[in-house]
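What follows is the residue order along each chain.
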Amino acid sequence: MQLRPLAICAIVFFTAGLAVASFANFREFIPGLLQGAWITVQITIGGCIVAVVAALLAAIARMYGPAPLRWLAVSYIELFRGTSALVQLFWLFFVLPHFGIVLEPMSVAIAALGLNVGAYGAEVVRGAITAVPRGQWEASVALNMPRKLALRRIILPQAFAAMIPPWGNLFIELLKATALVSLITISDLAFKAQQMNQTTFRTVEIFSIVLVMYLAISILITVGMRALETVAARGMARGR
Amino acid sequence: MTTPMVKFDNVTKRYGSLTVLDSLNLEIAPNEKVAIIGPSGSGKTTVLRMLMTLERINDGVIYVDGEPMTHMEKNGALVPASERHLRRVRGNIGMVFQHFNLFPHMSALKNCMEAPIHVLGLPRVEAEERAAELLDMVGLGDKKGHYPSQLSGGQQQRVAIARALAMRPKVMLFDEVTSALDPELVGEVLQVIRRLAKEHSLTMLMVTHQMGFAKEFADRVCFFHSGKIAEQGAPEDLFNNPREERTQQFLSAVLEAG
């Protein structure tokens, strides 16, 4: 298990960051940036939840749904993979109000980033389901299970184990994409940094702290996903 | 004459232009033990897979316990079966696979409880009792909590047999169940099948390469060749005095390999 090197990495970066910050009297920036970081974390968590739900629904609809659902799922996946996350964000925030739909900036951020990453995730889910050996479906038929039951109780639990590592990647992508939300008036970590930079011009210090903060959050995600992987792998060999 | 438990009526199976089974006619009596032997590609595994509804047939009708399975009666005519009809008739059949196909995310006990609870609707306590009994029967009473990855091939295959039996099938299908096992583990699996054949009134179909076991276990042996039954009969007759040249060739080749 590679948890230890990761944990060491996280601690080193965190203390190095803190040390630099306290030595050079950067401390004044920390509270404001932490506020921004907290917003970033909230959007990341919300976005990840939306992404996983959207990905599961889209993948299952695409693989097993009736034709209209299948089409809907394919359109969603292609639309959100094929256009830029920034444009999606602007669309939900600036265009929807023209059609009478006004959403909170935070909701827009979580929905747009979640749906964007969910479109990639749908393909991850599909790949993982396809990778479950065919013998598992056949055993389910031999035990007279209806398709839905087999999918829910037999196939998906095995697919989950296989999809954890790629999801780790996607979650980190989502974290980094949250920097875009500063463009729809949200004071996230990137926004706070910009703002402080414009008033104090202490570019090196501010953006060094921001770098460390993003890195720390992403390492947290990695550590969490590794732990999840261990739990999923416990007692289960991916065999035939 | 009693109704056959399984009846293949002119069943044909094709993959593209390749005919795997060519108008097969085969009747199996209740409680009969039939061994199916033959060279690879002769269609013997396909017989079991069609009966388990893992393969659609292209022509003919399969009957189980007197009732058409692949088709259902509608206005006096036979039409292809609906999923619901398939599921109802399929409940009579259980299957054990060459590669076990146990659920790797469930313990041995859970493997045997899953379908009884969620398909048959048994209360959890009863399903657990039955699963434990069956695991005891296959000699794995002390491995109930083990996951498939913690069991040897022979043990996994015995769990798979218990799992199939937990659904109380009338017909059990064994598809080369010892072919993926190390030689020293074959005996323990055959021992379980032997007991089953003696103590339970089950109709059994077994595709096998273990000629010695087929001889001892089966009431009838069917020799398949190019999608047809080339020869069938009581094991003593078929193994000792094969009439067909193809049977003789096959048997001498298999026996030579040991």
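Residues numbered from 1 in each chain as written. Chains lettered and ligands numbered in written order. Predicted model: local features only at pLDDT ≥ 70, side-chain atom pairs only at ≥ 80, totals over all residues. Heavy atoms only, no water.

Novice: Looking at this structure, I do not really get the sheet that holds strand E4 (residues 59-64) of chain B. What am I missing?
Specialist: The strands making up a sheet associate through hydrogen bonds between their backbones, and the pairing can be parallel or antiparallel. All names here are of chain B. Taken in spatial order, the four strands of this open sheet run E2-E1-E4-E5, and their pairing is antiparallel. The two strands at the open ends of the sheet, each matched to only one other strand, are strand E2 (18-28) and strand E5 (67-68). As paired elements, strand E1 (residues 6-15) and E2 share seven bridges and run antiparallel to each other. Residue pairing across strands places Val6 opposite Ile28, the latter belonging to E2. Along the sheet, helix H1 (residues 44-51) makes contact with E1, E2 and E4, crossing E1 at roughly 110°. (Pairing = 2+ DSSP bridges. Helix = DSSP H or I, 4+ residues; strand = E, 2+ residues; numbered from the N terminus. Contact = heavy atoms within 4.5 Å. Axes fitted to C-alpha atoms, helices over the stretch in contact; angles between N-to-C directions.)

Novice: Looking at this model, I keep getting lost on the UniProt feature "transmembrane region" (unreviewed entry) in chain A. Mind explaining?
Specialist: Under the UniProt annotation, "transmembrane region" (unreviewed entry) lies at residues 37-61, 73-94, 106-129, 174-191 and 203-228 of chain A. Structurally, residues 106-129 of chain A comprises 100% helix and 0% strand, and the distance from its first C-alpha atom to its last is 32 Å. (UniProt positions renumbered as here; feature names shortened; annotations may be inferred.)

Novice: Would you mind showing me how to read the interface of chain A and chain B here?
Specialist: One widely used convention gives an interface's size as the accessible area the parts lose upon coming together. Across the boundary between the two partners, chain A contributes 21 residues, which contact 26 residues of chain B. Summed over both partners, the interface of chain A with chain B buries about 2,200 Å², with 61% contributed by carbon and sulfur atoms. The interface formed by chain A and chain B includes two salt bridges. The residue A:Arg153 makes a salt bridge to B:Glu114 at a minimum N-O spacing of 2.6 Å. Counting residues per element, the ones that place at least two in the side of chain A that touches chain B are helix H6 (134-142) and helix H7 (147-177) of chain A. Here the residues of the side of chain A that touches chain B sort into 11 nonpolar, six polar and four charged. (Buried area = accessible area lost by both parts, 1.4 Å probe. Salt bridge = Lys/Arg side-chain N within 4 Å of Asp/Glu carboxyl O. Nonpolar A, V, L, I, M, F, W, Y, C, P; charged D, E, K, R; others polar.)

Novice: Is there a simple way to think about the sheet that holds strand E9 (residues 171-175) of chain B in this case?
Specialist: Residues and elements named next belong to chain B. In spatial order, the strands read E8-E9-E10-E3-E11-E12; together these six strands make up an open sheet with mixed pairing. Bordering the open sheet on either side are strand E8 (93-96) and strand E12 (228-233), each of which pairs with just one other strand. In this sheet, adjacent strand axes meet at a mean angle of 20° when their direction is disregarded. Where E8 meets E9, four bridges bridge the pair, whose relative direction is parallel. Paired with Gly94 across the two strands is Met172, which belongs to E9. Most of the contacts of helix H5 (residues 153-165) go to E8, to which it runs at about 175°, and overall it touches E8 and E9.

Novice: Would you mind going over helix H5 (residues 105-131) of chain A with me for this structure?
Specialist: At 3.6 residues per turn, the α-helix brings residues three or four places apart onto the same side. Taking 1.5 Å of rise per residue, 27 residues should cover 39 Å, and H5(A) covers 39 Å from first to last C-alpha, within 8% of that figure. Most pronounced at A:Ala119, the bend in H5(A) amounts to some 30°. (Expected span 1.5 Å × (residues − 1). Bend = angle between axes of the 7 residues up to and from the residue.)

Novice: When you look at unusual backbone geometry in this model, what are you seeing that I'm missing?
Specialist: Among all residues save glycine, negative phi is the norm, and among peptide bonds the norm is trans. You will see that A:Thr185, though not glycine, has its phi angle at about 70°, which is positive. Among the structural elements, A:Thr185 can be located in the loop between H7 and helix H8 (189-200). Of the residues examined, A:Thr185 reaches a relative accessible area of 54% and is grouped as exposed. In this structure, B:Asn10 is a non-glycine residue whose phi angle is positive, near 55°. Mapped onto the fold, B:Asn10 is located in strand E1. Under the relative-accessibility criterion, B:Asn10 is labelled partly exposed at 39%. (Buried < 20%, exposed > 50% of the residue type's maximum accessible area, 1.4 Å probe, protein only.)

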